[in-house]
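Architecture at a glance
Below, each chain spelled out in residue letters.
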Amino acid sequence: MIGENCSSGNNAALLLSVIDSIGKGILVFNGKVIYCNSAAEKALGYPAGSLEGKDPSEIFPVDSKLLSSCLFEEIYDCEMGGEFNFQTASGALAALKSEIRSIDFEGRSACMVTFDVSSPADKQVKKLAETEQLFRILTENSFAGIYIYKDKYIYANPEYLSKTGYSMDELKQMSPWELVHEDDRRFVKENVLRRLAGEVFDQKYHERKIITKSGEIRTVRVATNTVMIDGEFAGIGSTIDISDLKQLQDGLEEKVREETLKRYEQEQLLVQQSKLAEMGAMLRSIAHQWKQPLSAVGMLLQDMTRTFSSGGLDKEYIDWVHDTASEQISYMTETVRDFMDFLRPSKERSLFTIEDALWPTLKIFSHQAISHELSIEMKCGLKRDASEEMSVRIKSVSSSNIFVDCENCGRNDVYVEGYRNEFMQVLLNIFNNAKDAIASAKKQGTLTESGRITVRLADLEGRISIDIEDNGGGIPEELIKKIFDPYFTTKSSEQGSGIGLYMVRAIVENNMGGEVRVRNGKAGAVFSIILDRHMKSTSAAGSC
Ligand SMILES: Nc1ncnc2c1ncn2[C@@H]1O[C@H](COP(=O)(O)OP(=O)(O)O)[C@@H](O)[C@H]1O
Ligand SMILES: [Mg+2]
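The present account deals with the structure reproduced in this document. Nothing here was measured: the structure is a model prediction, and the numbers come from that model. (Residues numbered from 1 in each chain as written. Chains lettered and ligands numbered in written order. Predicted model: local features only at pLDDT ≥ 70, side-chain atom pairs only at ≥ 80, totals over all residues. Heavy atoms only, no water.)

**A closer look at the overall build of the protein**
Scanning the protein from terminus to terminus reveals 13 helices and 19 strands. In the protein, buried positions account for 41% of the 544 residues. Within the protein, counting contacts between residues at least 6 apart in sequence, those at least 24 apart form 57% of the total. Surface accessibility of the protein: about 30100 Å² in total, with carbon and sulfur atoms responsible for 53%. (Helix = DSSP H or I, 4+ residues; strand = E, 2+ residues; numbered from the N terminus. Buried < 20%, exposed > 50% of the residue type's maximum accessible area, 1.4 Å probe, protein only. Contact = heavy atoms within 4.5 Å. Areas by Shrake-Rupley, 256 points an atom, 1.4 Å probe, with all protein chains shown as cover.)

This is the structure in structure tokens:
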């Protein structure tokens, strides 16, 4: 009917001008737009004569279900009204008050849509145009690269185009994962496909590498999400280029690694320095300790010469000389072996008992203890299977012998973890400091009784505490905070290096996860080493 009117004669022209002047937009569809009036073209932003022949899907978004069902299927007696979404020529959406009815067109049903082009629909189109303009201002001036894709890119803002180096036309031929570096490509492709399948999940600020058109690799931080465009699922992404930051960060990390290594090497050097410093004094006392066995062996040789001259060199005499000399030599060998053991760094972290470290340290220190007339007392308050109390007394019975008395030593099942030789160094540092403090107090006349070092082992809320107390007068309160600083010493340059306690803290706190505390007791300083207690299931029965 319309077609007839459109196609012929003056009547048709008259009719059309009437239709145009009624102030409503009119569209007639039958698969395609087969008629529209100029009000409809104007309202939807199409140039005159360009709307006819268009596919309805270009004018009505697919998600306007009512309308689409009315348009795309054979319809009879359709009559409905309400607000429906129209898509203008610029792609903006406008909700316009409309009426739809089916009409008869050349024996087939067609659909006629009349819609309001006056306000408020007019305003709405304008508003949408403004919104679109705002969207463009926003995205086109954004510092973030923004893109929208379906299976290929459908939109990218200028920032994204400039960062990737591609034109919009080129991107329209590309899937979003194509410019992603192969390290991240699989992950990105999986996510893109999940979004296109309609899965909604937030992905904020993950990093990925992209390859620009010129082949440059850039690192970007991306936030993506799933959106709906024209009734289909799509993905949107917003990217910030962080390549410069990343470079800076990588550089910093490298620097930190280098510095850490340097520091570690310096600390290793310090460990060795401090070991040697502590050993210096000790070696002097070994030399002293060797005097006696050496002179004993010398006297044996003299005696042998004399006995030979007097003809008394028989088997019994030779055996006696052999046994006596061997005893002296094995004492000397043992002393050296103890020192060599101590100097060798421990190779592996291991579980060891306090006594495993304490006893050899005391053995080495005993030479010093003897020459400084010190007594060392050990009290064990650790809860063990067999006994609650253990006491080890080390006292000199002669100038070349140390007598160790171990009483009530129960099952040896209290372990700590770390490097045993380093821990021996810790103990030796503290013993040496105690010995120095006692010697200086004696020299100054503030200590008149004999020097004493007491070692106490105790349980401390599931941990072990080893207290080492002396009677050397203590540390002046104003210095107590400084004594762990590297190179802090109150001794002469020959006597002190100031690295002993620094190493004590580094070994206990960094390598063994423990703690070192210091306070002044009644007669001198008290150093406490607190360590985690470990149990060994196959504990060996041991003695001190
Ligand atoms: N048992 C102690 N009694 C008194 N002062 C101590 C004791 N232990 C350490 N100090 C003080 O702490 C300082 C630092 O000790 P340390 O780091 O071992 O270096 P060094 O023994 O080479 O001086 C010592 O010089 C001394 O003043
Ligand atoms: Mg010291």
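We are not done yet, so read on.
**Some details on the nonpolar core**
In this structure, Phe-423, Phe-431, Ile-453, Ile-466 and Ile-529 are the most contacted members of the largest nonpolar core, which totals 55 residues. With ten residues, the top contributor of residues to this core is helix α12 (residues 420-444). Not counting residues up to four positions away in its chain, the partners in contact with Phe-431 are Leu-358, Thr-361, Leu-362, Phe-365, Ile-453, Val-455 and Ile-468. Grouped together as the second largest cluster of nonpolar side chains are 21 residues, Phe-29, Tyr-46, Leu-51 and Val-117 included. (Core = buried A, V, L, I, M, F, W, Y, C linked by side-chain atoms within 4.5 Å.)

**Here we look at the pattern of salt bridges**
On inspection of all chains with the given rule, the structure shows 28 salt bridges. With a closest N to O distance of 3.5 Å, Lys-262 and Glu-259 form a salt bridge. Here Lys-262 pairs with Glu-259, and both are found in helix α9 (residues 243-309), just three residues apart, close to one helical turn. The salt bridge involving Arg-517 is made with Glu-515; its shortest N-O contact spans 2.7 Å. You can call Arg-517 partly exposed: its relative accessible area is 42%. A single salt-bridge network, built from bridges that share partners, covers Arg-463, Glu-515, Arg-517 and Asp-532. (Salt bridge = Lys/Arg side-chain N within 4 Å of Asp/Glu carboxyl O.)

**A word on the sheet that holds strand β4 (residues 93-105)**
One open sheet holds the five strands; their spatial order is β2-β1-β5-β4-β3, and the pairing between them is antiparallel. Whereas interior strands pair on both sides, the edge strands pair on one side only; in this sheet they are β2 (32-36) and β3 (79-87). In this sheet, neighbouring strand axes are inclined to one another by 35° on average, regardless of whether the strands run parallel or antiparallel. Taken together, the six bridges between strand β1 (residues 24-30) and strand β5 (residues 108-116) define a ladder with antiparallel strand orientation. In the strand pairing of β5, Gly-25 is matched with Phe-115. (Pairing = 2+ DSSP bridges. Axes fitted to C-alpha atoms, helices over the stretch in contact; angles between N-to-C directions.)

**Considerations on helix α13 (residues 500-511)**
An ideal rise of 1.5 Å per residue puts 16 Å on twelve residues; α13 measures up with 16 Å between its terminal C-alpha atoms. Within the sequence span of α13, burial applies to Gly-500, Leu-501, Tyr-502, Met-503, Val-504, Ala-506, Ile-507 and Val-508. Positive phi appears at Gly-513, one or two residues downstream of α13, with a value of about 65°. (Expected span 1.5 Å × (residues − 1).)

**What to know about the sheet that holds strand β7 (residues 153-156)**
Strand order in this open sheet of five strands is β7-β6-β10-β9-β8, and the pairing throughout is antiparallel. The outermost strands of the open sheet, each flanked by one partner alone, are β7 and β8 (203-211). With direction set aside, neighbouring strand axes in the sheet form an average angle of 30°. Docked against the sheet, helix α8 (residues 182-196) engages β6 (145-149), β8, β9 (217-229) and β10 (232-241), running at close to 130° with respect to β8.

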